[in-house]
Amino acid sequence: MSLHDDAVAVLDGYDGGDAGQAELRLAYLDHLAGHPDGMWKACGAGHLTASALVIDPERGRVLLTLHRKLRMWLQMGGHCEPEDTTLAAAALREATEESGIPGLTLLPGGPVRLDRHPIPAPCHWHLDVQYAATASPGAVERISGESLDLRWFPYEEVAGVADTSVVRLLESTRARLEHATL
């Protein structure tokens, strides 16, 4: 199965729980149907990306990266690479590379959210498929060349440093964690 096929299968099975997420899911599927290259950075109409919010549920905190180009606190993530076999693998690879933390584990249940945002030309859109990953207790982060900084933030501080897409991702992640423990 190709990465494109995996993305279609993941999105076919995605249930984001609200009308906005359902609308995005259909837009992502339409994009992939119309763009066989829709997984790759070279697709000028936009492309899927994969990200993961790294969390430490035991300590109630989240690891964010101060993005080198955007100068914003964001979850780990980025472009799919030819060696990625699945969206989940791409998200886990990106989270591991950018956090420097080995042994991250994606939360079960597939993507947590979808987020479409404009980007500078020559491309126009990132269609981000957002996962969440847990870090083992005592995990130590290591900054990569893609970041200006890495920092753990208590859940309640995220809204003060990050944009609404990260806040919504954290809210959805916490809801999934809570549901998993019930």
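These notes cover the structure that comes with them. (Residues numbered from 1 in each chain as written. Predicted model: local features only at pLDDT ≥ 70, side-chain atom pairs only at ≥ 80, totals over all residues. Heavy atoms only, no water.)

**Notes on the state of the cysteines**
Line of reasoning, step 1. Using the criterion set out here, one finds zero disulfides in the structure.
Line of reasoning, step 2. Free cysteine: Cys 80, not disulfide-bonded; nearest cysteine sulfur from Cys 43 at 12 Å.
Line of reasoning, step 3. The exposure class assigned to Cys 80 is buried, which follows from its relative accessible area of 5%. (Disulfide = S-S within 2.5 Å. Buried < 20%, exposed > 50% of the residue type's maximum accessible area, 1.4 Å probe, protein only.)

**Comments concerning helix 1 (residues 3-13)**
Line of reasoning, step 1. Within helix 1, the full set of buried residues consists of Leu 3, His 4, Asp 6, Ala 7, Val 10 and Leu 11. Around the axis of helix 1, the buried residues are gathered within 160° of arc, so they sit on the same side.
Line of reasoning, step 2. Packed against the buried residues of helix 1 are helix 2 (19-34), strand 1 (47-56), helix 3 (87-99), strand 6 (113-118) and strand 7 (125-134). (Helix = DSSP H or I, 4+ residues; strand = E, 2+ residues; numbered from the N terminus. Arc of directions from axis to C-beta. Contact = heavy atoms within 4.5 Å.)

**Focus on the pattern of salt bridges**
Line of reasoning, step 1. In this structure the tally under the stated criterion is six salt bridges.
Line of reasoning, step 2. A salt bridge links Arg 93 to Glu 94; the shortest N-O distance between them is 3.1 Å. Of the two residues, Arg 93 and Glu 94, both sit in the buried class.
Line of reasoning, step 3. A cluster of three or more residues bridged by salt bridges with shared partners is formed by Asp 84, Arg 93, Glu 94 and Glu 97. (Salt bridge = Lys/Arg side-chain N within 4 Å of Asp/Glu carboxyl O.)

**Overview of the packing of aromatic side chains**
Line of reasoning, step 1. Applying the stated criterion across every chain yields a total of one aromatic pair.
Line of reasoning, step 2. Ring geometry for Trp 73 against Phe 153: centres 5.0 Å apart, planes inclined by 80°, an arrangement best described as edge-to-face. In this pair, Trp 73 is assigned in strand 3 (residues 73-74) and Phe 153 in strand 8 (residues 147-154), connecting sequence segments 80 residues apart. A single burial state applies to Trp 73 and to Phe 153, both of which are buried.
Line of reasoning, step 3. Above the plane of the ring of Trp 152 lies Arg 61, whose end atom (NZ or CZ) is 4.1 Å from the centre.
Line of reasoning, step 4. A cation over an aromatic ring shows up here: Arg 116 above the ring of Trp 125, its NZ or CZ 5.4 Å from the ring centre. (Phe/Tyr/Trp six-rings, centres within 6.5 Å; stacked < 30°, edge-to-face > 60°. Lys NZ or Arg CZ within 6 Å of the ring centre and 35° of its normal.)

**Description of the pairing of strand 7**
Line of reasoning, step 1. The buried fraction of strand 7 is high, at eight of 10 residues.
Line of reasoning, step 2. Bridge count for strand 1 against strand 7 is nine bridges, and the pairing is parallel. In the sheet register, His 47 faces strand 7, and the bridge partner there is His 126.
Line of reasoning, step 3. When strand 5 (residues 105-106) meets strand 7, the two strands line up antiparallel, connected through two bridges. Across the sheet, residue Thr 105 finds its bridge partner in strand 7, namely Thr 134.
Line of reasoning, step 4. Taken together, the six bridges between strand 6 and strand 7 define a ladder with antiparallel strand orientation. Residue pairing for strand 7: Arg 113 is matched across the bridge by Gln 130. (Pairing = 2+ DSSP bridges.)

**Considerations on the pairing of strand 1**
Line of reasoning, step 1. Counting buried residues along strand 1, 10 of its 10 residues qualify, which places the element largely inside the surrounding structure.
Line of reasoning, step 2. Residues of strand 1 alternate between two faces, with His 47, Thr 49, Ser 51, Leu 53 and Ile 55 on one and Leu 48, Ala 50, Ala 52, Val 54 and Asp 56 on the opposite face, all of them buried.
Line of reasoning, step 3. Inspection of the sheet shows strand 1 paired to strand 4 (residues 76-79) by four bridges, in the antiparallel sense. When the sheet's bridge partners are listed, Ala 52 is paired in strand 4 with Met 76.
Line of reasoning, step 4. Count of turn residues in the strand 1/strand 2 (residues 61-67) antiparallel hairpin: four residues, of which Gly 60 carries a positive phi of about 60°.

**Focus on the side chain of Arg 93**
Line of reasoning, step 1. On the secondary structure map, Arg 93 appears in helix 3.
Line of reasoning, step 2. The residues contacting Arg 93, other than those within four sequence positions of it, are His 79, Cys 80, Glu 81, Glu 83 and Asp 84.

**Brief notes about the environment of Gln 75**
Line of reasoning, step 1. Tracing the sequence through the fold places Gln 75 in the loop between strand 3 and strand 4.
Line of reasoning, step 2. Relative accessible area serves as the criterion here: at 10%, Gln 75 is assigned to the buried category.
Line of reasoning, step 3. In this structure, the C-alpha to C-alpha distance between Gln 75 and Leu 63, residues 12 residues apart in sequence, is 7.4 Å.
Line of reasoning, step 4. Beyond its immediate stretch of four places on either side in the chain, Gln 75 contacts Ser 51, Ala 52, Leu 53, Leu 64, Thr 65, Asp 128, Gln 130, Val 166 and Leu 169.

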